[in-house]
Amino acid sequence: MTRPSIAFVAGARPNFMKIAPVLRAVEELKPDFDPVIVHTGQHYSAELSDIFFEQLGIRTPDVHLEAGSGTHGQQTARVLEAFEGFLLRESPRIAAVMVVGDVNSTVAATLAATKLHIPAIHLEAGLRSFDRSMPEEINRLATDAISDLLLVSEPAGEENLRREGVPATRIRYVGNVMIDTLVHHLSQTENQNFGRPDGPFALVTLHRPSNVDQRESLTAIVDFLIEIAADLAIVFPIHPRTKNRLEEFGLLAHLEKNPAIHLFPPLGYVENLGLMRNASVVLTDSGGIQEETSYLSIPCLTLRENTERPATLSYGTNTLIGGDFAKARRLVFEILNHSYRKSSPIPGWDGRAAQRVVRELSGFLEKRDVISSIFQEHL
Ligand code: UD1
């Protein structure tokens, strides 16, 4: 009998950090399946894709679907169609599909697989912001509703899924693979300065449509950055979506001419981690960065009204500031005075989540084999 394969689907920057440790754990544990890497091409620029493959040591994808940018409908549809074609060509070698995170590629690949009766396994399941205006929330709800196995990264995830009526047999708490990646690469950031300024600095990352797509909200954020730049330097690697909007709204020049504000292109994983661990504070709207700062015990102020990662608030260093810049200013002051709270450990955020994922993947395939052989016997 040929060995079964599991397609690992990744499309956008935060996905690559999640599949890398699982691929490493496969090498280490040598389970009874082969991973097939599928890059959907949602992110295609070298700085949002290639550098992550290089730095995270992910081998060249086995297949590239070249979905590219577009509206949500276009992007999702392109991945759906191309991934379905791949599954049809490769069937029956692909025994299951593993999707990660909450991007358009995640939901599209899950739909394609489940409609072909190929089981889908969702890694980082159960996260909920309870804000359906976020495209990622729709992706999470839809993906979890149709996936066969739900691998959960944070305590609230299990609770959310149970509340939605998901039976316990479909849920497994595995912990957070993003932290595996962080633990694995942390030593590479030692004794390097990655172009950071002397003295305390804030690291800023922004890309959510709710912050950057409206002139009013982006202007308020830029004003706040210019204000706090009087007290501490700002390091701001700019996501392409944000760069486009800053230019469109005539805001980029205000940042560029401020000597305390250091603008960078999007950074590689190691550079970003190196800056993050040395920052006094991180201002962000990213999901993953809320988790990474919590693990590193670096204060994080999140420019959102909600988070799907509440463990970062209760155990971690994260505070939601939404659009309340007076609160943000008070907290920056507290942080610079070293009176901001420290973090405590989060269950399963221990650098070994990927091994647990691989055991779950193996167990899932084994159980399916047993069920299908019982079924065959009764035919
Ligand atoms: C996507 C994810 C988001 C994730 C983020 C990480 C969805 C709905 N959103 O948002 O959850 O946190 O990735 O970065 O899936 N662009 C480039 N090069 C690229 C890709 C995009 O320049 O390689 C530009 C294009 O102008 C594009 C814009 O960035 O229109 C937005 O890209 P897109 O993938 O649509 O969404 P993100 O904002 O990156």
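The paragraphs below set out a description of the structure included in this document. (Residues numbered from 1 in each chain as written. Predicted model: local features only at pLDDT ≥ 70, side-chain atom pairs only at ≥ 80, totals over all residues. Heavy atoms only, no water.)

1. Considering the site of the ligand
What counts is decided by this rule: When at least one non-hydrogen atom of a residue lies within 4 Å of a molecule or strand, that residue is treated as near it. Here a polar contact is taken to be a pair of N or O atoms separated by no more than 3.5 Å, where protein atoms must pair a possible hydrogen donor with a possible acceptor and residues adjacent in sequence count only if both atoms sit in side chains. Accessible surface is estimated by sampling points in the Shrake-Rupley manner with a 1.4 Å probe; for residues, cover comes only from the protein chains shown. By the criteria applied, helices consist of DSSP H or I runs no shorter than four residues and strands consist of E runs no shorter than two, each listed in order from the N terminus.
Around the ligand, the surrounding shell holds 18 residues, and the nearest of these are Q42, Y44, S45, E136 and R241. In the environment of the ligand, an oxygen atom lies 2.8 Å from a nitrogen or oxygen atom belonging to the side chain of Q42. Between the ligand and the protein, one listed contact pairs an oxygen atom with a side-chain N or O atom of R241 at 2.8 Å. Protein coverage of the free-state accessible area of the ligand, which is 750 Å², stands at 86%. Secondary structure elements with two or more residues in the shell around the ligand: α1 (13-29), α3 (72-90) and α10 (240-248). Top element by residues in the shell around the ligand is α10. It accounts for three residues.

2. So, the packing of helix α12 (residues 269-278) against helix α13 (residues 287-296)
Note the following rule: To define axes, lines are fitted to C-alpha atoms, for helices over the stretch in contact only, and angles between the resulting N-to-C directions are given on a 0 to 180 degree scale. Note on terminology: angles under 35 degrees are roughly parallel, angles over 145 are roughly antiparallel, angles of 65 to 115 are roughly perpendicular, and the others are oblique. Helix crossings fall into two classes, left-handed where the near helix is turned counterclockwise from the far one by less than a right angle and right-handed where it is turned clockwise. In this analysis, two residues are considered to be in contact whenever any of their non-hydrogen atoms come within 4.5 Å of each other. Basically, the charged four are Asp, Glu, Lys and Arg, the nonpolar ten are Ala, Val, Leu, Ile, Met, Phe, Trp, Tyr, Cys and Pro, and anything else, Gly included, counts as polar.
Direction vectors running N to C along α12 and α13 enclose 50°, while the axes themselves pass 11 Å from each other. By the criterion of interaxial angle, the relationship of α12 to α13 is oblique. For the element pair α12 and α13, the recorded crossing hand is right-handed. Mapping the contact onto sequence places Y269, N272, L273, M276 and R277 in α12 and I289, E292, T293 and L296 in α13. Here the residues of the contact of α12 with α13 sort into five nonpolar, two polar and two charged.

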